[in-house]
Amino acid sequence: MRTSFLSTAGSVLKPNEDYLAVNPHVALVVDGLSSPPELGSGCVHGTPWYVARLSTYLLHAATSRPHHPLADCAAEAISRVAGLHRDTCDLAHPGTPSSSIALLREGPDTVDHLSLFDSVLLVDGPAGLNVISDHRADDFAQEEHKATLAHRIGTEEHRLAVSALVAAQRPHRNVAGGYWVAGSAPEAADHALTGSLPRAEVTRAAVMSDGASCLVEDYGVTGWGEMLDLLGEKGTGELVSRVRAAEAGDPEGTRWPRYKAGDDCSVIYCEFDDAV
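Everything numeric in this text was worked out from a predicted model, so none of it was measured.

Asks: Can you help me understand the sheet that holds strand S3 (residues 26–32) in this one?
Replies: Sheet strands line up and pair through hydrogen bonds in the backbone, either parallel or antiparallel. Read from one edge of the open sheet, 5 strands run S2-S3-S4-S5-S8, paired in antiparallel fashion. The sheet is open, and its two borders are formed by strand S2 (18–22) and strand S8 (193–198), each paired with just one other strand. Recorded for the sheet is a direction-independent mean angle of 10° between the axes of neighbouring strands. Here helix H1 (residues 47–64) sits on the sheet and contacts S2, S3 and strand S4 (99–106); the angle it forms with S3, its principal contact strand, is near 160°. Along the sheet, helix H2 (residues 70–85) contacts S4, strand S5 (110–116) and S8; its crossing angle with S5, the most-contacted strand, is approximately 45°.

What follows is the structure in C-alpha coordinates.
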(Lines give C-alpha, C1' and ligand atoms only; values in the text may rest on other atoms or scores of the structure.)
Protein backbone atom coordinates (compact mmCIF):
# COMPACT_ATOMS: atom_id res chain seq x y z
CA MET A 1 0.00 0.00 0.00
CA ARG A 2 1.47 3.35 -1.08
CA THR A 3 0.29 6.44 0.74
CA SER A 4 0.44 10.21 0.54
CA PHE A 5 -1.00 12.40 3.25
CA LEU A 6 -1.49 15.92 4.57
CA SER A 7 -3.00 17.50 7.67
CA THR A 8 -3.48 21.23 8.22
CA ALA A 9 -5.11 23.28 10.97
CA GLY A 10 -8.31 25.12 10.19
CA SER A 11 -7.19 28.28 11.96
CA VAL A 12 -3.91 29.89 12.97
CA LEU A 13 -5.55 30.65 16.32
CA LYS A 14 -5.99 27.03 17.39
CA PRO A 15 -3.83 23.90 17.29
CA ASN A 16 -4.69 21.15 14.85
CA GLU A 17 -6.99 18.66 16.63
CA ASP A 18 -6.72 16.10 13.81
CA TYR A 19 -4.01 13.46 13.83
CA LEU A 20 -3.05 10.96 11.17
CA ALA A 21 -0.73 7.97 11.17
CA VAL A 22 0.42 5.58 8.44
CA ASN A 23 2.75 2.68 7.81
CA PRO A 24 2.96 0.27 4.85
CA HIS A 25 -0.26 -1.54 5.84
CA VAL A 26 -2.26 0.77 8.13
CA ALA A 27 -3.73 4.25 7.61
CA LEU A 28 -5.79 6.14 10.15
CA VAL A 29 -7.22 9.58 10.86
CA VAL A 30 -8.40 10.70 14.29
CA ASP A 31 -10.45 13.93 14.48
CA GLY A 32 -10.71 15.46 17.96
CA LEU A 33 -13.98 16.89 19.22
CA SER A 34 -13.64 20.44 20.51
CA SER A 35 -15.26 21.45 23.78
CA PRO A 36 -16.53 25.03 24.17
CA PRO A 37 -14.60 26.56 27.09
CA GLU A 38 -17.76 27.39 29.02
CA LEU A 39 -18.77 23.71 29.05
CA GLY A 40 -15.45 22.47 30.39
CA SER A 41 -13.69 19.18 29.72
CA GLY A 42 -12.51 17.69 33.01
CA CYS A 43 -9.07 17.07 31.46
CA VAL A 44 -5.89 19.03 32.14
CA HIS A 45 -4.25 17.83 28.90
CA GLY A 46 -6.61 18.80 26.10
CA THR A 47 -7.73 17.36 22.78
CA PRO A 48 -4.41 17.56 20.83
CA TRP A 49 -2.75 15.53 23.60
CA TYR A 50 -5.53 12.96 23.41
CA VAL A 51 -5.57 12.48 19.63
CA ALA A 52 -1.77 12.17 19.44
CA ARG A 53 -1.73 9.34 21.96
CA LEU A 54 -4.81 7.59 20.64
CA SER A 55 -3.35 7.57 17.13
CA THR A 56 -0.06 6.16 18.36
CA TYR A 57 -1.72 3.31 20.22
CA LEU A 58 -4.14 2.62 17.37
CA LEU A 59 -1.31 2.31 14.88
CA HIS A 60 0.60 0.00 17.21
CA ALA A 61 -2.38 -2.24 17.98
CA ALA A 62 -3.57 -2.55 14.38
CA THR A 63 -0.03 -3.32 13.18
CA SER A 64 1.26 -5.60 15.93
CA ARG A 65 -1.96 -7.66 16.00
CA PRO A 66 -2.72 -8.03 12.29
CA HIS A 67 -5.30 -10.78 12.82
CA HIS A 68 -7.18 -9.03 15.64
CA PRO A 69 -10.47 -7.35 14.70
CA LEU A 70 -10.04 -3.60 14.33
CA ALA A 71 -12.70 -3.02 16.99
CA ASP A 72 -10.52 -4.88 19.49
CA CYS A 73 -7.51 -2.78 18.45
CA ALA A 74 -9.53 0.42 18.93
CA ALA A 75 -10.79 -0.71 22.34
CA GLU A 76 -7.23 -1.45 23.43
CA ALA A 77 -6.01 1.97 22.28
CA ILE A 78 -8.86 3.83 24.00
CA SER A 79 -8.22 1.92 27.22
CA ARG A 80 -4.48 2.63 27.16
CA VAL A 81 -4.99 6.37 26.69
CA ALA A 82 -7.56 6.44 29.48
CA GLY A 83 -5.00 4.81 31.73
CA LEU A 84 -2.55 7.64 31.07
CA HIS A 85 -4.74 10.32 32.67
CA ARG A 86 -7.30 8.56 34.84
CA ASP A 87 -5.49 9.71 38.00
CA THR A 88 -5.19 13.35 36.96
CA CYS A 89 -8.42 14.00 35.02
CA ASP A 90 -12.16 13.50 35.39
CA LEU A 91 -12.82 10.95 32.67
CA ALA A 92 -16.52 10.81 33.60
CA HIS A 93 -16.94 14.46 32.59
CA PRO A 94 -19.08 14.66 29.41
CA GLY A 95 -16.47 16.91 27.83
CA THR A 96 -13.48 14.64 28.40
CA PRO A 97 -11.37 14.61 25.20
CA SER A 98 -12.82 12.41 22.47
CA SER A 99 -12.58 11.90 18.73
CA SER A 100 -13.71 10.11 15.64
CA ILE A 101 -11.69 7.24 14.18
CA ALA A 102 -11.30 6.24 10.53
CA LEU A 103 -9.00 3.23 10.22
CA LEU A 104 -7.90 1.11 7.24
CA ARG A 105 -5.69 -2.00 7.38
CA GLU A 106 -4.35 -3.99 4.46
CA GLY A 107 -3.84 -7.71 5.02
CA PRO A 108 -2.76 -10.54 2.69
CA ASP A 109 -6.35 -11.37 1.76
CA THR A 110 -8.55 -8.51 2.96
CA VAL A 111 -8.70 -4.77 3.48
CA ASP A 112 -10.35 -4.12 6.85
CA HIS A 113 -11.97 -0.85 7.86
CA LEU A 114 -13.42 0.79 10.97
CA SER A 115 -15.41 4.01 11.34
CA LEU A 116 -16.40 5.60 14.63
CA PHE A 117 -18.23 8.93 14.37
CA ASP A 118 -17.96 11.18 11.32
CA SER A 119 -14.58 10.74 9.67
CA VAL A 120 -14.82 9.14 6.22
CA LEU A 121 -13.25 6.20 4.41
CA LEU A 122 -13.48 5.71 0.64
CA VAL A 123 -12.60 2.24 -0.65
CA ASP A 124 -12.68 1.76 -4.41
CA GLY A 125 -12.09 -1.10 -6.79
CA PRO A 126 -13.54 -3.14 -9.66
CA ALA A 127 -16.76 -3.81 -7.76
CA GLY A 128 -17.37 -0.11 -7.14
CA LEU A 129 -16.85 2.61 -4.56
CA ASN A 130 -17.72 2.18 -0.88
CA VAL A 131 -18.28 5.30 1.25
CA ILE A 132 -17.99 4.47 4.96
CA SER A 133 -18.86 6.94 7.72
CA ASP A 134 -20.85 6.90 10.95
CA HIS A 135 -23.48 9.64 11.06
CA ARG A 136 -25.63 8.43 13.96
CA ALA A 137 -25.01 11.73 15.77
CA ASP A 138 -27.20 13.44 13.17
CA ASP A 139 -30.25 11.85 14.79
CA PHE A 140 -29.85 13.97 17.93
CA ALA A 141 -30.13 17.66 18.85
CA GLN A 142 -31.60 18.48 15.45
CA GLU A 143 -33.26 21.70 16.61
CA GLU A 144 -30.00 22.95 18.09
CA HIS A 145 -28.22 22.02 14.87
CA LYS A 146 -30.71 24.08 12.85
CA ALA A 147 -30.18 27.02 15.21
CA THR A 148 -26.44 27.10 14.50
CA LEU A 149 -27.16 27.39 10.78
CA ALA A 150 -29.35 30.45 11.29
CA HIS A 151 -26.47 32.72 12.35
CA ARG A 152 -23.37 34.02 10.62
CA ILE A 153 -20.03 32.55 11.67
CA GLY A 154 -18.16 34.97 13.90
CA THR A 155 -21.22 36.40 15.64
CA GLU A 156 -21.94 35.90 19.32
CA GLU A 157 -25.27 34.33 18.39
CA HIS A 158 -23.50 31.69 16.33
CA ARG A 159 -20.98 30.96 19.08
CA LEU A 160 -23.73 30.49 21.65
CA ALA A 161 -25.72 28.29 19.28
CA VAL A 162 -22.74 25.99 18.72
CA SER A 163 -22.20 25.75 22.48
CA ALA A 164 -25.88 24.90 22.97
CA LEU A 165 -25.62 22.23 20.27
CA VAL A 166 -22.66 20.55 21.97
CA ALA A 167 -24.47 20.65 25.32
CA ALA A 168 -27.55 19.06 23.75
CA GLN A 169 -25.52 16.31 22.06
CA ARG A 170 -23.51 15.26 25.11
CA PRO A 171 -26.26 13.31 26.93
CA HIS A 172 -26.57 11.07 23.85
CA ARG A 173 -22.85 10.37 23.53
CA ASN A 174 -21.57 6.87 24.34
CA VAL A 175 -24.86 5.64 25.77
CA ALA A 176 -27.23 2.91 24.63
CA GLY A 177 -29.47 4.23 21.89
CA GLY A 178 -27.18 7.20 21.27
CA TYR A 179 -24.09 7.69 19.17
CA TRP A 180 -20.51 6.66 19.85
CA VAL A 181 -17.11 8.34 19.85
CA ALA A 182 -13.64 7.39 21.02
CA GLY A 183 -13.27 8.86 24.50
CA SER A 184 -12.41 7.10 27.74
CA ALA A 185 -14.75 4.09 27.42
CA PRO A 186 -13.26 1.20 25.40
CA GLU A 187 -16.72 -0.32 24.84
CA ALA A 188 -17.39 2.46 22.34
CA ALA A 189 -15.26 0.48 19.88
CA ASP A 190 -17.86 -2.31 19.94
CA HIS A 191 -20.29 0.11 18.32
CA ALA A 192 -17.99 1.15 15.46
CA LEU A 193 -18.92 0.41 11.87
CA THR A 194 -16.54 -2.31 10.68
CA GLY A 195 -16.10 -4.48 7.63
CA SER A 196 -13.71 -6.19 5.24
CA LEU A 197 -13.32 -6.34 1.48
CA PRO A 198 -11.33 -8.88 -0.51
CA ARG A 199 -7.86 -7.53 -1.13
CA ALA A 200 -8.21 -8.14 -4.88
CA GLU A 201 -11.24 -5.83 -4.99
CA VAL A 202 -9.43 -2.76 -3.67
CA THR A 203 -7.28 -0.57 -5.90
CA ARG A 204 -7.40 2.78 -4.08
CA ALA A 205 -8.74 4.33 -0.90
CA ALA A 206 -8.84 7.52 1.11
CA VAL A 207 -9.08 8.12 4.85
CA MET A 208 -10.10 11.62 5.91
CA SER A 209 -11.51 13.86 8.60
CA ASP A 210 -14.77 15.71 8.03
CA GLY A 211 -12.68 18.82 7.38
CA ALA A 212 -11.76 17.16 4.06
CA SER A 213 -14.96 15.24 3.32
CA CYS A 214 -16.92 18.51 3.60
CA LEU A 215 -15.84 19.25 0.03
CA VAL A 216 -18.39 16.60 -0.98
CA GLU A 217 -20.77 16.31 1.97
CA ASP A 218 -21.29 20.00 2.74
CA TYR A 219 -20.05 22.06 -0.18
CA GLY A 220 -20.97 19.73 -3.04
CA VAL A 221 -17.95 20.94 -5.00
CA THR A 222 -17.16 17.43 -6.20
CA GLY A 223 -18.31 13.82 -5.84
CA TRP A 224 -16.62 10.94 -4.08
CA GLY A 225 -15.23 9.34 -7.21
CA GLU A 226 -14.00 12.70 -8.48
CA MET A 227 -12.34 13.27 -5.10
CA LEU A 228 -10.37 10.04 -5.46
CA ASP A 229 -9.42 11.02 -9.02
CA LEU A 230 -8.23 14.40 -7.76
CA LEU A 231 -6.13 12.77 -5.04
CA GLY A 232 -4.59 10.35 -7.50
CA GLU A 233 -3.87 12.90 -10.22
CA LYS A 234 -3.02 16.07 -8.28
CA GLY A 235 -2.32 14.98 -4.72
CA THR A 236 -3.46 15.72 -1.22
CA GLY A 237 -2.26 19.32 -1.37
CA GLU A 238 -4.69 20.12 -4.16
CA LEU A 239 -7.60 18.66 -2.21
CA VAL A 240 -6.75 20.73 0.86
CA SER A 241 -6.32 23.83 -1.32
CA ARG A 242 -9.82 23.39 -2.72
CA VAL A 243 -11.27 23.02 0.76
CA ARG A 244 -9.52 26.20 1.87
CA ALA A 245 -10.68 28.06 -1.22
CA ALA A 246 -14.28 27.11 -0.51
CA GLU A 247 -13.97 28.24 3.12
CA ALA A 248 -12.26 31.49 2.17
CA GLY A 249 -15.01 32.28 -0.33
CA ASP A 250 -17.69 31.91 2.33
CA PRO A 251 -16.12 33.07 5.63
CA GLU A 252 -19.43 33.81 7.38
CA GLY A 253 -21.17 30.63 6.31
CA THR A 254 -23.90 32.32 4.27
CA ARG A 255 -23.57 29.94 1.32
CA TRP A 256 -22.61 26.86 3.33
CA PRO A 257 -23.80 27.24 6.94
CA ARG A 258 -21.48 25.37 9.30
CA TYR A 259 -19.98 25.34 12.79
CA LYS A 260 -16.69 27.11 12.05
CA ALA A 261 -15.12 29.18 9.30
CA GLY A 262 -12.31 26.70 8.70
CA ASP A 263 -11.93 23.15 9.99
CA ASP A 264 -8.84 21.03 10.54
CA CYS A 265 -8.34 19.07 7.32
CA SER A 266 -6.60 15.68 7.10
CA VAL A 267 -6.49 13.15 4.27
CA ILE A 268 -4.53 10.00 3.46
CA TYR A 269 -4.61 8.66 -0.09
CA CYS A 270 -3.78 4.96 -0.58
CA GLU A 271 -2.98 3.01 -3.72
CA PHE A 272 -2.71 -0.77 -3.74
CA ASP A 273 -0.37 -2.91 -5.77
CA ASP A 274 -1.76 -5.79 -7.77
CA ALA A 275 -0.03 -8.26 -5.47
CA VAL A 276 0.79 -7.97 -1.79
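Asks: I'm lost on helix H6 (residues 224–234) in this one. Help?
Replies: Residue pairs three or four apart in sequence face the same way in an α-helix, which turns once every 3.6 residues. What H6 keeps buried is the set Trp224, Met227, Leu228, Leu230 and Leu231. The buried side chains of H6 occupy one side of the element, clustering within an arc of 155° when seen end-on. In H6, the exposed positions angled more than 90 degrees off the buried face are occupied by Glu233 and Lys234. If you follow the buried residues of H6, they end up packed against strand S6 (120–125), strand S7 (128–132), strand S9 (204–208), helix H5 (210–217), helix H7 (236–248) and strand S10 (265–271).

Calculation criteria
Residues numbered from 1 in each chain as written. Predicted model: local features only at pLDDT ≥ 70, side-chain atom pairs only at ≥ 80, totals over all residues. Heavy atoms only, no water. Pairing = 2+ DSSP bridges. Helix = DSSP H or I, 4+ residues; strand = E, 2+ residues; numbered from the N terminus. Axes fitted to C-alpha atoms, helices over the stretch in contact; angles between N-to-C directions. Contact = heavy atoms within 4.5 Å. Buried < 20%, exposed > 50% of the residue type's maximum accessible area, 1.4 Å probe, protein only. Arc of directions from axis to C-beta.

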